[in-house]
Structure formats: C-alpha cells, structure tokens
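For reference, the chains in residue letters:
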Amino acid sequence: MVAIMLLVTQPPHVVAAPDPTLYNQTQQAQSTFLKSLETLVNLDSGTGDQNGLMQVENLVIEQLQAVGATVQTVAATPSVGRTILATLQGTGKGKILLLAHTDTVFKAGTAAQRPFKIMDGKAYGPGVMDDKGGILLGIEALKILQALRFKNFDTITFLINPDEEKGSFGSRALIKETAKQHDVALVLEFGSPQDKVTAWRKGIGYYGLEVKGRAAHAGAEPEKGCNALVEAAYQTLKLSKLSNPSKQTSVNVTVFQAGDRPNTIPDTASVQADVRVLEAQEYDRLTRDLTRLAQTKLLPCTKIKVRAEQGRPPFPPNPQTDALVKKAQAIYQEMGLTLGVEGSGGGTDGNYAASVGTTTLDALGPVGGGAHSPEEYIDLDRIAPRLYLLTRLLMTLGSSA
C-alpha cells in the first residue's frame, strides 16, 4: 500500500497592525500632552474653588478653540464654575459625546505642596489622573483629527463640567439633555492600573434618618429626657440590614452623629448610609423598607424623619456597551495590547449619559492609580496607546451611525 499524505495548509493568522500614520501621531503627541498636563495639575481646582476652576477652564477653552471647536459655557448653578460645551461639526454620520471634568477632590494649596512630577515612568500630582489627564487626552485626540483633516463624523461634543466630584448636581441636567442628542458617550475617566475600561457602574443613593428626642440632665433627671442617640442606634441596626447581595445592592452606614456633651441626654441624632444599586427599582424598594422599619421604634417618645435621595442613576450592563467594548478591544489589539473590562461600584457622569439611553463606555482616559490620594499617578507608557484607542474610536464611530 502506498500511503498518500495530503498536507492541508492553513492560512497564517493575521494580526491587525496599527494605522502607521495615526500611531506616529499619538507617539509624537505625548510630549505636548505632558507639558499641558503639568500646567493644569499645578493649578488647584477643587470642587467649589472658583478662582482655580476659572483658570483651568480658561486654559481648556483656549485649547478647544485652537482645534476649531465652537465653545460655549453654562453656569453650573448651584455648583461653582462653568460647564464647557465644545462642538465640532463634520460631514459624516456619528454623533459622539466626550465627558470629562475640571474639578478635583484636593483643597487649595495642594498643588504648591505636591506639584506635578515625573518619576519612575509615572506622572504624579493632584488631579493628574482624575481628571485633568482625561481632559487633555480628549483635546489631543481632537488635535490629531484636525491634523489628519478627518471630518467623517456628524458631531463631536466635548462636555467638561466643574462639579463631578460632588455629584454633578449643577450640570447633570445638561449632561442628560446633551447625551440624548448623541449616539455614543465616551467617558474620559481614568482606566484602572490593570488597563481596563468600565462597562457598567452602580447608581448612588443617600439614605438615612434624623431622630428628634428630648434633652435632660443625664445625672440629675435622665427620666425626663428622650434619648435620640439610643433610638438612632436601634434604627441603624435595621438600616444596615437592607442590602441585597443578589441584586448587588449595598447599604453601608457611614456617618453617625449625636450629642455634644457627656452629661446631657442627646435630643438629636442623625444617621447616613452610602447606598449603591445596579437596578433602579432598588431605590424604591429601599425607600419603602426604610420608611416601614422606621415606624417601629424602641422609644415612642422620639420622632423620626427618613432621608431617601437618589444620586447618580445606575449604568447597568447592556449589549450596546458590550459591543462598544469589543470595538475598543479590537483597536487595542492592533497595537498588540490587551484591553480589560470591568464594572464598578463608583459612579461617574457616564451614569447620567447611560440613563437616557445613550450607548456609553467609561474609563477611556489615561491609565493610572491612587485616585483621590497623594499617590495619584498615570502610567507614561500607556498615554500613547490610550490616545490611539480614543482617536480610532472617534474615527470608527464617527463614520458609522
């Protein structure tokens, strides 16, 4: 017998390569990015810092106008500062919203104490990652589109607000209204140290109790008092059991205040809880349960007022965002890199955009860690890849409705 072996050749696996022109542009942009970042980081702009915010806003507006954007500002009342709306018009189909913020969590004087520095492949400074790096990554992407004369999009709007770190209460209505007018929202919050984007985020709620009792001398006639602290403690134990892990709902009591003198029965007490939900219906369930539980008192002489306020709405997992994640991962693979994906219990303005039905992808800013701490940093070796990712996403999404 003659054995005949047939060799079937398989085509080699083709790995997509990055667009060489765009890749070179992103590499060259890093030095400009870092120079601008140093300038912004060395200006304090904590939430509510009117002078600092105005300085940062003016510099950002100047750069946006330089790329041909039409810029308008809207007062973020009742917050301090202005929301910047920068718009570029093209000739294509896609309408894309970029989101970032000028405010940081750091108090005035921090920039002078800890100015921008580069050390061991990282850039440090107050707000370097959250979110001044995000603002400038967006601006550099728009600069590259301008340099490439890329206009194959309908609209790119860059919304930058001054109050994100405290809930965006003065800008959230504008964020939602603007998001409704766009197909996609790309949020330029920082990417985690593991180089991931964020595909879902929990909503935030502010729940708690205010208890009113009656003061009295703790030693001479305590029986004439009505101890608000004791009642608040009783209610706190019940409040702390309202979590629902099966729905990823968490209720964590974080602040308890009562009394100011050791010899007086406290007549007031308050309890605050941090609430996180992935399903919007959980807000209503928590309000009902907390109100019902507060009707059963340990001390009938007390009066209880329930606090139940919704903050950022949930940004739950959804197939539209999942599809956008795959596009982003494919772009990253062009550079031979792996882009991770995660969810988060922390909220951003992406929650507002997602809540009105706009397809949203978060954490597309620089990669780093130590947010809100003296060790906040961004990784220098991920600046260019993240800039390539953002610019390619703008081009891809702009050319397809």
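First, a word on what this report is: a plain description of the structure on this page. (Residues numbered from 1 in each chain as written. Predicted model: local features only at pLDDT ≥ 70, side-chain atom pairs only at ≥ 80, totals over all residues. Heavy atoms only, no water.)

**Things to note about the pairing of strand β2 (residues 82–89)**
Regular strands place their side chains on alternate faces of the sheet. Here strand β1 (residues 70–75) runs beside β2; their pairing, made up of six bridges, is antiparallel. Note that in β2 the partner of Val74 across the bridge is Thr83. The hairpin formed by β1 and β2 contains six residues between the paired strands, and Gly81 there has a positive phi angle of roughly 105°. In the sheet, β2 pairs with strand β6 (residues 155–161) via six bridges, with the strands oriented antiparallel. Following the sheet pairing, Ile84 is matched in β6 by Ile160. (Pairing = 2+ DSSP bridges. Helix = DSSP H or I, 4+ residues; strand = E, 2+ residues; numbered from the N terminus.)

**A closer look at the packing of aromatic side chains**
Applying the stated rule across the entire model yields three aromatic pairs. Here Tyr23 and Tyr388 contribute two aromatic rings whose centre-to-centre distance is 6.1 Å and whose plane-to-plane angle is 70°, an arrangement assigned as edge-to-face. Here Tyr23 is found in helix α1 (residues 20–41), whereas its partner Tyr388 is found in helix α10 (residues 383–398), with 365 residues between them in sequence. We classify Tyr23 as partly exposed; its relative accessible area is 31%. Judged by relative accessible area, Tyr388 falls into the buried class, the value being 0%. Ring plane angle 25° and centroid distance 6.4 Å describe the contact between Phe150 and Phe153, whose orientation is recorded as stacked. Residue Phe150 shares its accessibility class with Phe153, and that shared class is buried. The lysine or arginine in question, Arg114, covers the ring of Phe106, its NZ or CZ lying 5.2 Å from the ring centre. Geometry around Tyr124 places Lys117 over its ring, the cationic atom sitting 5.5 Å from the centre. (Phe/Tyr/Trp six-rings, centres within 6.5 Å; stacked < 30°, edge-to-face > 60°. Buried < 20%, exposed > 50% of the residue type's maximum accessible area, 1.4 Å probe, protein only. Lys NZ or Arg CZ within 6 Å of the ring centre and 35° of its normal.)

**With respect to the sheet that holds strand β11 (residues 250–258)**
Reading across from one edge, β11-β13-β9-β14 is the order of the four strands in this open sheet, with antiparallel pairing throughout. Edge positions in the sheet fall to β11 and β14 (303–310), since each of these pairs with one other strand and no more. Each adjacent strand pair in this sheet contributes to an overall mean axis angle of 15°, direction not counted. Bridge count between β11 and strand β13 (residues 268–277): eight bridges; the pairing is antiparallel. Bridge pairing links Ala258 to Ala269 in β13. (Axes fitted to C-alpha atoms, helices over the stretch in contact; angles between N-to-C directions.)

**Comments concerning the packing of helix α4 (residues 128–147) against α10**
One way to put it is that α4 packs onto α10 with a least axis distance of 9 Å and a crossing angle of 60°. By the criterion of interaxial angle, the relationship of α4 to α10 is oblique. Judged by the sense of rotation from one axis to the other, the crossing of α4 with α10 is right-handed. Side by side, α4 and α10 meet where Leu137, Gly138, Glu140, Ala141, Leu142, Ile144 and Leu145 of the first sit next to Ile383, Arg386, Leu387, Leu390, Thr391, Leu394 and Met395 of the second. Broken down by class, the residue content of the contact of α4 with α10 amounts to 10 nonpolar, two polar and two charged. (Parallel < 35°, antiparallel > 145°, perpendicular 65-115°, else oblique. Left-handed = near helix turned anticlockwise from the far one by under 90°. Contact = heavy atoms within 4.5 Å. Nonpolar A, V, L, I, M, F, W, Y, C, P; charged D, E, K, R; others polar.)

**Comments concerning the pattern of salt bridges**
Taken as a whole and judged by the stated rule, the model has 18 salt bridges. Across the pair Arg292 and Asp289 runs a salt bridge whose closest N-O atoms are separated by 3.5 Å. Here Arg292 and its partner Asp289 are both found in helix α7 (residues 281–294), three residues apart, which amounts to about one turn of the helix. A single salt-bridge network, built from bridges that share partners, covers Glu282, Arg285, Asp289 and Arg292. (Salt bridge = Lys/Arg side-chain N within 4 Å of Asp/Glu carboxyl O.)

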